[in-house]
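# Examination of the molecular architecture
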Amino acid sequence: REFSRPTAFTHEGFQYPRNWIQNATDAEKSAIGLVEVTISGSPKNSEYYDNTLSNNKVESDGSVTKTWSSSAKTLSDVKSNKITEAKSNANSSLSPTDWYVVRKAETNTATPDEITAYRTAIRTCYGNLKTAINAASDVDGVAALYQYTNGASQDAKTINPSSAVNTTSNTITSNGHGFVDDELVSYDAGRTEDDKANTAIGGLSSGKSYYVFGKTTNTFKLSESHSSCGDAAAMSLSSGATGTNHTFRSQGIPGKGVCWPDSDRLKYDGA
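Below: a short report on this structure. (Residues numbered from 1 in each chain as written. Predicted model: local features only at pLDDT ≥ 70, side-chain atom pairs only at ≥ 80, totals over all residues. Heavy atoms only, no water.)

So, on to the overall build of the chain. A tally of helices and strands in the chain yields seven helices and 14 strands. Against the compact-globule benchmark of 18 Å for 271 residues, the chain has a radius of gyration of 27 Å, which places it well outside the compact range. Overall, the C-alpha framework of the chain stretches about 80 × 55 × 35 Å when taken along its three principal axes. The 271 residues of the chain split such that 34% are buried. A separation threshold of at least 6 residues defines the contact pool for the chain, and within that pool the share at least 24 residues apart is 67%. (Helix = DSSP H or I, 4+ residues; strand = E, 2+ residues; numbered from the N terminus. Rg over C-alpha atoms; globule rule 2.2 N^0.38 Å. Buried < 20%, exposed > 50% of the residue type's maximum accessible area, 1.4 Å probe, protein only. Contact = heavy atoms within 4.5 Å.)

This is the structure we're talking about:
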């Protein structure tokens, strides 16, 4: 019998309370034949792998081990499931704005440009994801599409907007920032010494995340969408920010499966 958590049990007519295993000495456990079971390895993502935990194996020293083994699922099945999932995600994202299309068909009322842009970005993102899924050579390649990889640096880049923000070229200067295009970065406008919020850089909102766009070694721009959406573009920045401790911190580089357009972005707000 195996115990994965403190459990009361009976052995040779004696009852042992739930916390006995926690409090007993190794000698006391050994005296009634209790041994520790070691789990070797760990299961892989069940979406892509079948996992099996082996039966007890008694080692020469009397200890017991179990080992996880994993085998990749059939690649074609994984691809089919992920494409079906992507199509479902696209449909659920499009459905709240379907009424604009119906209204256009029935009354010839124009659909706001922002809504059209959002719907186009959803379809583009789905198409690019489907292509990437089909191009994957193994299940790990499919899984990678739904993961974030680390950027070059996890350290926050602190800037003084009065000198670092160029409102003509819409660039932000941070020497050797290490960001790459499509990397997601969170923006924090910082606070004053008496704990009052600084005014954010015009065009940005403190606490929100943006995609890096058009980076150079020492400068970068920001976009509200990932390049996989087909409409990545530099955001317009304006002056008026206060404070000298505005920061940008990497949130990682998202794969094509986790960069769907966000309907809350200003560029898609058709209200």
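Past the structure itself, the notes keep going.
Moving on, we come to the side chain of His246. Residue placement: His246 occurs in strand β14 (residues 246-254). Relative accessible area serves as the criterion here: at 0%, His246 is assigned to the buried category. In terms of polar contacts, His246 uses its side chain to reach the side chain of Tyr187, at 2.7 Å. Every residue in contact with His246, bar those within four places of it in the chain, is listed here: Lys157, Thr158, Ile159, Pro161, Tyr187, Asp188, Ala189, Asn198, Thr199, Ala200, Ile201 and Ala241. (Polar contact = N/O pair within 3.5 Å; in protein donor to acceptor, adjacent residues only side chain to side chain.)

At a minimum axis distance of 10 Å, the contact between helix α3 (residues 75-94) and helix α5 (residues 113-135) shows a crossing angle of 175°. Classified by the angle their axes make, α3 and α5 are roughly antiparallel. For the pair formed by α3 and α5, the contact residues are Lys79, Lys82, Ile83, Ala86, Lys87, Ala90, Ser93 and Leu94 on the first element and Tyr118, Arg119, Ile122, Arg123, Tyr126, Leu129, Lys130, Ile133 and Asn134 on the second. A per-class count over the contact of α3 with α5 returns nine nonpolar, two polar and six charged. (Axes fitted to C-alpha atoms, helices over the stretch in contact; angles between N-to-C directions. Parallel < 35°, antiparallel > 145°, perpendicular 65-115°, else oblique. Nonpolar A, V, L, I, M, F, W, Y, C, P; charged D, E, K, R; others polar.)

A few words on the side chain of Arg119. Here Arg119 shows up in helix α5. Polar side-chain contacts of Arg119 include one of 3.1 Å to the backbone oxygen of Leu94. With sequence-adjacent residues up to four places away left out, Arg119 is seen in contact with Leu94, Thr97, Asp98 and Val101.

As a further point, take the nonpolar core. Among the nonpolar cores identified, the biggest contains 27 residues, and Tyr48, Leu129, Tyr146 and Trp260 are the most heavily contacted of them. Secondary-structure elements contributing two or more residues to this core are α3, α5 and α6 (139-144). The element best represented in this core is α5, accounting for eight residues. The residues contacting Leu129, other than those within four sequence positions of it, are Ala86, Leu145, Tyr146, Lys256, Gly257 and Trp260. (Core = buried A, V, L, I, M, F, W, Y, C linked by side-chain atoms within 4.5 Å.)

Tallying each qualifying case throughout the model produces six salt bridges. The closest approach of N and O atoms between Glu85 and Lys82, which form a salt bridge, is 3.0 Å. With Glu85 and Lys82 both in helix α3 and three residues apart, the pair spans about one turn of that helix. Given a relative accessible area of 3%, Lys82 falls into the buried group. The salt bridge involving Arg191 is made with Asp195; its shortest N-O contact spans 2.8 Å. Under the relative-accessibility criterion, Arg191 is labelled partly exposed at 44%. (Salt bridge = Lys/Arg side-chain N within 4 Å of Asp/Glu carboxyl O.)

For any two aromatic rings, the description comes down to two numbers: the centre-to-centre distance and the angle of the planes. Going through the model one piece at a time under the given rule, you end up with nine aromatic pairs. A cation over a ring is seen here: Lys82 above Tyr146, with NZ or CZ 3.9 Å from the ring centre. (Phe/Tyr/Trp six-rings, centres within 6.5 Å; stacked < 30°, edge-to-face > 60°. Lys NZ or Arg CZ within 6 Å of the ring centre and 35° of its normal.)

Quick look at unusual backbone geometry now. At Glu12, a residue that is not glycine, the phi angle is positive and equals roughly 50°. Its location among the elements puts Glu12 in the loop between β1 (9-11) and β2 (14-16).

Here Asp138 lies in the loop between α5 and α6. In this structure, the C-alpha to C-alpha distance between Asp138 and Ser76, residues 62 residues apart in sequence, is 9.3 Å. A distance of 3.3 Å separates a polar side-chain atom of Asp138 from the backbone nitrogen of Asp140.

It is worth spelling out the state of the cysteines at this point. For the structure on display, the rule yields zero disulfides. In this structure Cys229 is not part of a disulfide, and its nearest cysteine sulfur, from Cys125, lies 4.4 Å away. (Disulfide = S-S within 2.5 Å.)

These values are about where atoms sit, not about what they do.
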